[in-house]
Amino acid sequence: MKYSRPKSAGVGASALAIVAATVLATAGPASSTIARGPGCLDSGTPLSVEENRLGFTLPDDDNPAVPQSRTFARQMIEGGGFQDFGPALIRDLCRTKSLKAAAALVLRKGEDLWRDAVRRAQQQKPVRGDLPSSDDRPLYWTRLESTAALRQWAPKFRSSAADRTELITTFDRASRGMFDIDFPGKKGVKRVIASGFDPYTLDGGTTGPAPESVGNNIRHGNPSGATALALDGTTYRTKSGKIAHIEAYTLPVNYPEFQRGYLEDTVGPFMRPGPKRVDASITVSQAGGAVFNLEQWNARYHGVSLGNDNFRPCAAVNGVPQIAVNNNECNASVVERWGGPRNFSLTEPPQWTAATLPIAEMIRANTGASVPRPPGDTWPDPSVAFGVVWHTNYTQFPDCASTTRVTRNNPPPVEYPPATAPIPPDPGSCSYSGGGGNYLSNESAYRNTLLRDRMGLDIPAGHIHTPDMQHFETDFKPSDATFDAWRLAIVAQTRNLIHAVADTVS
């Protein structure tokens, strides 16, 4: 797949300068000398679209005419107790003398960041910072601060643009838990893998008159990412008395990383034959409302909405959706190492995949009964936190050469089993959106279930869409009690749903 990366505006270099200044203030004389000299950071190197948000500041909540005293990113990083991570990374980069040493460093540092975030979420050690342990956002913003440092690092040895990209990718994947997955090979242990996502839709929202401030969407977190941190490496005793071991990782909200095989490279090795092969593979993301949607059909079509990098491969033209027969980039493709075709085809990989989650058992488990309802919860049954619905709707192009779209099973009935069986996509149809849409949530579901099919596995695999977590009681405070309550409730019920899947694994 060919695509053009969005160009950085160059804004936000000052945010990284704060980190560099911290290095000078905290490092010893030798490292201070290195940081001041050539071969450390080049503030003139443009940052990525995501990294540029490191310099964004909200209006003050009490007086929106003035900006807050710290950038939002600093409040997240310090609020999570990660303020020393970026300076330490820069200090170590400045001392690195070879590409091999740099590769080892970024791998180790990325894994350290993920493990520290997991330990914080699971309160395995005293929680640092003033944000709740369950908050997923400190990991996201600390990762961006670190990749910004890697992007602006000017090593003293010869390296190429490709080398730098590889270093950034290694750090990014390591800090997502993608290299940290370690299932036991013992018989009788049930292995479950689950994904989460970064925060997204960070631009826009309510604004204030403070000069150079931004909208409050930058406060967004993602309950699926928080769930991944809460579950990674945990065990659960199933109803049959067996032990389920759960491993988790997080995914970026960007198309290019998916096209490069982030999900397949993480999950695929554990779908191959062997003692550590997974017994269930679940993808999780955030949707809207006060309901968990268990998605049935996943679409290959993608790219209508912007990723966090402000890139989308398949924007509508004059309000009319493009069709994949005219634009290859409208369809997700698989890298060759995971069986991707050398030439584009509308049928390989297929236009649709289906979930094999134990829908009846997940709904019957009544997973919201033990979860406190957060303020403003609108699910009509007060005995549970959130509802759980088998989400069977989808939209197809019945004729792949036409822009005509047909939506079926919409809205899906709340009761289970439904009075009328849902209608599956037509053979020969082209997908437009699955039950989870045609954004990266749906793409994670599609790629995960496609892997299951290609590996010939008969295991539970599918997607859980959580309720919307972005409920604040203030306009501009980085966090508040209502926001925290929604995250805790969604994470708790998502955990219950994943445990309900583990209960069905034989």
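Asks: Break down the overall build of the protein for me, citing the residues and quoting the values.
Replies: The secondary structure content of the protein amounts to 14 helices and twelve strands. In terms of C-alpha radius of gyration, the protein reaches 23 Å, essentially the compact-globule figure of 23 Å for 506 residues. The C-alpha extent of the protein, read off along each of the three principal axes, is 70 × 55 × 50 Å. A burial count over the protein gives 58% of its 506 residues as buried. Considering only contacts within the protein whose residues lie at least 6 apart along the sequence, 76% involve residues at least 24 apart.

Asks: I'd like a rundown of the state of the cysteines, residues and numbers included.
Replies: For the structure shown, the criterion picks out three disulfides. A sulfur-sulfur separation of 2.0 Å characterises the disulfide bridge that pairs Cys40 with Cys94. Of this pair, Cys40 sits in the loop between α2 (29-36) and α3 (49-52) while Cys94 sits in helix α5 (residues 85-95), and the two are 54 residues apart along the sequence. We classify Cys94 as buried; its relative accessible area is 8%. Between the sulfur of Cys400 and that of Cys430 lies a disulfide, 2.2 Å long from S to S.

Asks: Any chance you could break down the sheet that holds strand β1 (residues 190-197) for me, citing the residues and the numbers?
Replies: In space, the seven strands of this open sheet follow the order β2-β3-β1-β4-β12-β5-β8, with mixed pairing throughout. Where the open sheet ends on each side, the last strands, each with one partner, are β2 (234-237) and β8 (387-391). Between one strand axis and the next, the sheet turns by 25° as a mean value, whatever way the strands run. Pairing of β1 with strand β4 (residues 280-286) involves three bridges; the strand directions are parallel.

Asks: Quick rundown of the sheet that holds strand β9 (residues 394-397)? Include the residues and the values.
Replies: Here three strands make up an open sheet; going across it, the order is β10-β9-β11 and the pairing antiparallel. At either end of the open sheet lies a strand with only one pairing partner, and these are β10 (406-408) and β11 (430-433). Shown here is a sheet whose adjacent strand axes are inclined to one another by a mean of 35°, direction ignored. As paired elements, β9 and β10 share three bridges and run antiparallel to each other. Each residue of the ladder has a partner; that of Gln396, found in β10, is Val406.

Asks: Give a description of the packing of helix α6 (residues 99-121) against helix α8 (residues 161-174) that names residues and reports values.
Replies: Where α6 contacts α8, the two axes come as close as 7 Å, and the packing angle between them is 25°. Here α6 is positioned roughly parallel relative to α8, judged by the angle of their axes. Here α6 runs over α8; the crossing is right-handed. Here Leu99, Ala102, Ala103, Val106, Leu107, Lys109, Gly110, Glu111, Leu113 and Trp114 of α6 come into contact with α8, specifically with Asp163, Leu167, Thr170, Phe171 and Ala174. Looking at the contact of α6 with α8, its residues break down into ten nonpolar, two polar and three charged.

Asks: With reference to specific residues and values, describe the pattern of salt bridges.
Replies: Counted by the stated rule, this structure contains 26 salt bridges. Of the charged contacts in the structure, one is a salt bridge between Arg53 and Asp203, with a shortest N-O distance of 2.8 Å. On the criterion of sequence distance, the pair formed by Arg53 in the loop between α3 and α4 (72-79) and Asp203 in the loop between β1 and α9 (223-231) is long-range, its members being 150 residues apart. Residues Asp172 and Arg143 are paired through a salt bridge, measuring 3.9 Å at the closest nitrogen-oxygen approach. Residue Asp172 is located in helix α8, and its partner Arg143 is located in helix α7 (residues 137-152); the two are separated by 29 residues in the primary sequence. For the pair Asp172 and Arg143, a shared accessibility class is recorded, and that class is buried. Beyond isolated ion pairs, a larger network of salt bridges with shared partners links Arg70, Arg74, Glu78 and Glu145.

Asks: Mind laying out the confidence of the model for the protein, listing which residues take part and the relevant values?
Replies: Across the protein, the average pLDDT comes to 92, with 92% of residues at 70 or higher. In the model, residues 1-13 has pLDDT below 50 throughout and makes 29 contacts with residues more than four positions away in sequence or in other chains. Below a pLDDT of 50 lies the segment residues 22-39, which in the model reaches 23 contacts outside its immediate sequence neighbourhood of four places, other chains included.

Asks: Please give an account of the packing of aromatic side chains that cites residues and values.
Replies: How two aromatic rings sit relative to each other is set out by the distance from centre to centre and by the angle between their planes. As enumerated under the stated definition, the model contains 17 aromatic pairs in all. Judged by centre distance (5.6 Å) and plane angle (75°), the ring pair of Trp390 and Tyr416 falls under edge-to-face. Of the two residues, Trp390 is situated in strand β8 and Tyr416 in the loop between β10 and β11; the sequence distance between them amounts to 26 residues. Overall, Tyr416 belongs to the partly exposed group, its relative accessible area being 34%. One aromatic cluster in this structure is built from Phe72, Tyr140 and Trp141. Directly above the aromatic system of Phe472 lies the positively charged group of Arg219, at a separation of 3.7 Å from the ring centroid. Over the face of the ring belonging to Tyr432 we find Arg405, whose NZ or CZ atom lies 4.8 Å from the ring centre.

Reading the values: the criteria
- Residues numbered from 1 in each chain as written.
- Predicted model: local features only at pLDDT ≥ 70, side-chain atom pairs only at ≥ 80, totals over all residues.
- Heavy atoms only, no water.
- Helix = DSSP H or I, 4+ residues; strand = E, 2+ residues; numbered from the N terminus.
- Rg over C-alpha atoms; globule rule 2.2 N^0.38 Å.
- Buried < 20%, exposed > 50% of the residue type's maximum accessible area, 1.4 Å probe, protein only.
- Contact = heavy atoms within 4.5 Å.
- Disulfide = S-S within 2.5 Å.
- Pairing = 2+ DSSP bridges.
- Axes fitted to C-alpha atoms, helices over the stretch in contact; angles between N-to-C directions.
- Parallel < 35°, antiparallel > 145°, perpendicular 65-115°, else oblique.
- Left-handed = near helix turned anticlockwise from the far one by under 90°.
- Nonpolar A, V, L, I, M, F, W, Y, C, P; charged D, E, K, R; others polar.
- Salt bridge = Lys/Arg side-chain N within 4 Å of Asp/Glu carboxyl O.
- pLDDT = per-residue confidence, 0-100.
- Phe/Tyr/Trp six-rings, centres within 6.5 Å; stacked < 30°, edge-to-face > 60°.
- Lys NZ or Arg CZ within 6 Å of the ring centre and 35° of its normal.

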